[in-house]
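Residue-level listing of the chains:
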Amino acid sequence: REVFNQEFVDLVVGTPVYSVAWGPDSEKVLYTAGKQLIIKPLQPNAKVLQWSYALEKPNTGSIFNITWSIDGTQIAGACGNGHVVFAHVVEQRWEWKDFQVTLTKRRTMQVRNVLNDAVDLLEFRDRVIKASLNYAHLVVSTSLQCYVFSTKNWNTPLIFDLKEGTVSLILQAERHFLLVDGGGIYLYSYDGRFLSSPKFPGMRTDILNAQTVSLSNDTIAIKDKADEKIIFLFEASTGKPLGDGKLLSHKNEILEIALDQKGLTNDRKIAFIDKNRDLCITSVKRFGKEEQIIKLGTMVHTLAWSDTCNILCGLQDTRFTVWYYPNTVYVDRDILPKTLYERDASEFSKNPHIVSFVGNQVTIRRADGSLIHISISPYPAILHEYVSSSKWEDAVRLCRFVKEQTMWACLAAMAVANRDMTTAEIAYAAIGEIDKVQYINSIKNLPSKESKMAHILMFSGNIQEAEMVLLQAGLVYQAIQININLYNWERALELAVKYKTHVDTVLAYRQKFLETFGKQETNKRYLQYAEGLEIDWEKIKAKIEMEITKERERSSSSQPSKNIGLMH
């Protein structure tokens, strides 16, 4: 306590402190110091935040106490002369593409089209509490109703009554929007149709915010407050738990979550920042198997997904970083650094926050409240569009036109993810990954589509899936051989024994491996099966050749099928 008090005195020497408040997580203290409000974290060497947005001096004497209304739009103050002063929040501003919406009065908004300077005034029956502008719609909640405007027509909004007027959060996706109030979480379509209301044990809607709730076209993600290592995942259309209902669990407490906005439901990803400020990504699809959580970056303070394609940005220590294709971590982690864009972030000062990522423009709010707009290259978004439409030749032409390594690296990862190895070969060659070009060429020469698919999966590090593809196709020797090639000796012998084939092949390759390094066999299982067995390489080579011939014959006799992206 003495150390804490001494630290406090050092921060505010000569300045009286008239009010102190704990943060909701009891990890920060807010106190007054002259004209400033100061937030002091308790962690050693943590940054101190101080901001003063507005200063009013009403002629009412000293103000001894203040309190906000539940909806956060009004404030009341107890004054020294016996009066009570009331104030309202105005001049809030929302921006999306060509539109700028400003709350000019408690019940009036002004909409300005910055292209033609056209102005519309929106009048409301009751005071405005919350609003959100995104995906060509403005959603406004008043104390009693919800208004939904289309940017194509500001004159005829859709209006419906609210169950409870204190809306604390509005989130939007392309197809629908989400309202949070004191009674629950509600999802509506833009035509005002109620869709779902997800619920979970111990739900407290009063503490939910844009950092702990995320919405996409098919998924709702909510961070648990009781156990902050947990994320609840729900189907947007039904409000039911996603997949098999298994929760997303992380090893550390989670601070901020964000769902990507484009692509298929099965490919939906969620990114989050944990207490160590690590940025992680994982799939929201959870059916039985534990989905891998992969770290994308460190010392990340804020993040946002693009609204037009699955590009992710974040403020990473002293850098602004854009992950043009985050899925690269699932395909080829080696080239992930080549898919990034980075720039210095010192101009954003301390504790900046990413407000939005619309198109190729990122909006960042600094600690003093000012907004900074950053434009990134439009070409990666165009590349995403070409790939999602399977326009591979257009994608290659775009990369040749732009002539940037980042674009080629993204295309390489995208091509492998979509099993188009012809495009992958071109892209890897462009970034000088010659060993991978050679491996891709070796895949092309494999006799069957199952073997090609298995080696593409191996290329991406999905060894178990590759083995499964081969075993389901009856290619047992090929499944054994990939384990031999990867020195998975235990698994190779296990398969050979289980399917009663090529035990001698596994033993022969094992013996050759040990001889190369001048070592003796110590594995009990290998010693057991090698007892009394003489290795005959000529016989083994003949068996292997027979397996390859059988695979070729089987492939040629099967019906023609679509080539898994190896040819256009």
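Cut-offs used in this document
- Residues numbered from 1 in each chain as written.
- Predicted model: local features only at pLDDT ≥ 70, side-chain atom pairs only at ≥ 80, totals over all residues.
- Heavy atoms only, no water.
- Pairing = 2+ DSSP bridges.
- Helix = DSSP H or I, 4+ residues; strand = E, 2+ residues; numbered from the N terminus.
- 1 Å grid on protein atoms, 1.4 Å probe; cavity = no way out; pocket = protein on both sides within 12 Å on 5 of 7 lines; lining within 4 Å.
- Points joined across faces, edges and corners; volume = space filled by probe spheres on them.
- Nonpolar A, V, L, I, M, F, W, Y, C, P; charged D, E, K, R; others polar.
- Domains from an automatic or database assignment.
- Contact = heavy atoms within 4.5 Å.
- Buried area = accessible area lost by both parts, 1.4 Å probe.
- Salt bridge = Lys/Arg side-chain N within 4 Å of Asp/Glu carboxyl O.
- Polar contact = N/O pair within 3.5 Å; in protein donor to acceptor, adjacent residues only side chain to side chain.
- Buried < 20%, exposed > 50% of the residue type's maximum accessible area, 1.4 Å probe, protein only.
- UniProt positions renumbered as here; feature names shortened; annotations may be inferred.
- Arc of directions from axis to C-beta.
- Axes fitted to C-alpha atoms, helices over the stretch in contact; angles between N-to-C directions.
- Phe/Tyr/Trp six-rings, centres within 6.5 Å; stacked < 30°, edge-to-face > 60°.
- Core = buried A, V, L, I, M, F, W, Y, C linked by side-chain atoms within 4.5 Å.

As for the pairing of strand S32 (residues 353-358)
Part 1: In the sheet, S32 pairs with strand S33 (residues 361-365) via five bridges, with the strands oriented antiparallel. Residue pairing in the sheet places Ser356 in a bridge with Thr363 of S33.

A closer look at empty space enclosed by the protein
Part 1: Evaluated as defined, the whole model comprises three cavities of 30 Å³ or more.
Part 2: What the largest cavity holds in volume is close to 60 Å³.
Part 3: Looking at the lining of the largest cavity, its residues break down into three nonpolar, four polar and two charged.
Part 4: Residues from two domains meet in the lining of the largest cavity; each of domain 1 (2-89) and domain 2 (92-352) gives at least three.
Part 5: Empty space within the second largest cavity amounts to approximately 40 Å³.

Looking at the domain arrangement of the protein
Part 1: What the domain assignment reports for the protein is domain 1 (2-89), domain 2 (92-352) and domain 3 (399-554).
Part 2: When each unit is reduced to the centre of its C-alpha atoms, the spacing between domain 2 and domain 3 is 42 Å.
Part 3: Contacts between the two partners involve 12 residues from domain 2, matched on the other side by 16 residues from domain 3.
Part 4: For the pair domain 2 and domain 3, the two sides together bury roughly 1,100 Å², of which 59% comes from carbon and sulfur.
Part 5: Among the residues domain 2 hides against domain 3, the three largest losses belong to Tyr325, Val331 and Lys338. Together they make up 54% of the total.
Part 6: For the pair domain 2 and domain 3, the interface holds three salt bridges.
Part 7: Among the salt bridges present, the one from Asp332 reaches Lys436, with a minimum N-O distance of 2.7 Å.
Part 8: Counting every contact that joins domain 2 to domain 3 gives four residue pairs in polar contact (both at pLDDT 80 or more).
Part 9: When residues in the side of domain 2 that touches domain 3 are grouped by element, the largest group, three residues, is from helix H2 (residues 328-331).
Part 10: Residues that form the side of domain 2 that touches domain 3 fall into these classes: six nonpolar, two polar and four charged.

Some remarks on the pattern of salt bridges
Part 1: Enumeration according to the criterion identifies 23 salt bridges in this entry.
Part 2: Here Glu27 makes a salt bridge to Lys275, at a shortest N to O gap of 3.6 Å. Taken as a pair, Glu27 in the loop between strand S1 (20-22) and strand S2 (28-33) and Lys275 in the loop between strand S25 (269-274) and strand S26 (279-283) lie far apart in primary sequence, 248 residues in all.
Part 3: Of the residues examined, Lys275 reaches a relative accessible area of 40% and is grouped as partly exposed.
Part 4: Counted as one network, the salt bridges with shared partners bring together Asp332, Asp334, Lys338, Glu433 and Lys436.

Some details on the UniProt feature "domain: IFT80/172/WDR35 TPR" (unreviewed entry) in the protein
Part 1: This chain's UniProt record puts "domain: IFT80/172/WDR35 TPR" (unreviewed entry) on residues 407-553.
Part 2: Here residues 407-553 runs as 76% helix and 0% strand, with 40 Å between its end C-alpha atoms.

Some points on helix H7 (residues 434-444)
Part 1: If you check which residues of H7 are buried, you get Lys436, Val437, Ile440 and Ile443. Each buried residue of H7 sits inside an arc of 115 degrees when the element is viewed along its axis, so together they form one side.
Part 2: Summarising the contacts, the buried residues of H7 are in contact with helix H6 (421-430) and helix H8 (449-459).

A word on unusual backbone geometry
Part 1: Positive phi values are uncommon outside glycine, yet Met299 reaches one of about 55 degrees.
Part 2: In this structure Met299 comes out as partly exposed when scored by relative accessible area, which is 37%.
Part 3: Notably, Lys500 is not glycine yet its phi reads approximately 55 degrees, a positive angle.
Part 4: Along the chain, Lys500 falls in the loop between helix H11 (489-498) and helix H12 (503-516).
Part 5: Exposure remark for Lys500: the relative accessible area of 77% places this residue in the exposed category.

A short note on the sheet that holds strand S13 (residues 137-142)
Part 1: Pairing in this open sheet of four strands is antiparallel, and the strands run S12-S13-S14-S15 from one edge to the other. Both outer strands of the open sheet, strand S12 (128-134) and strand S15 (153-161), are each paired with one neighbouring strand and no more. Pairwise comparison of adjacent strand axes, ignoring direction, gives a mean angle of 20 degrees for this sheet.
Part 2: Pairing of S13 with strand S14 (residues 145-150), which is carried by five bridges, proceeds in the antiparallel orientation. Across the sheet, Ser141 pairs through a bridge with Cys146, a residue of S14.

Brief notes about the side chain of Ser196
Part 1: With respect to the element layout, Ser196 can be found in strand S19 (residues 194-196).
Part 2: From its side chain, Ser196 meets the backbone oxygen of Ala236 in a polar contact 2.7 Å long.
Part 3: Dropping the residues within four chain positions of it, Ser196 is found in contact with Ile185, Tyr186, Leu187, Ala236, Ser237, Thr238 and Gly239.

Observations concerning the packing of aromatic side chains
Part 1: Considering all chains together, one arrives at 21 aromatic pairs under this definition.
Part 2: A centroid spacing of 4.4 Å and a plane angle of 25 degrees characterise the contact between Phe200 and Phe232, whose relative ring orientation is stacked. Placement of the pair is Phe200 in the loop between S19 and strand S20 (213-215) and Phe232 in strand S22 (residues 230-235), with a sequence separation of 32 residues.
Part 3: With a relative accessible area of 10%, Phe200 lands in the buried category.
Part 4: Among the residues examined, Phe232 registers a relative accessible area of 9% and is labelled buried.

Concerning the nonpolar core
Part 1: Among the nonpolar cores identified, the biggest contains 48 residues, and Phe320, Leu383, Leu411 and Tyr428 are the most heavily contacted of them.
Part 2: In terms of residues, this core owes the most to one element, helix H5 (residues 405-417), which gives 10 residues.
Part 3: Counting contributing residues, this core receives three or more from each of domain 2 (92-352) and domain 3 (399-554).
Part 4: Among residues more than four places away in sequence, those in contact with Phe320 are Cys313, Gly314, Leu315, Tyr341, Glu342, Arg343, Ala345, Phe348, Val362, Ile364, Ile374 and Ile376.
Part 5: Ranked by size, the runner-up nonpolar core spans 20 residues in total, among them Ile480, Ile482, Val506 and Leu507.

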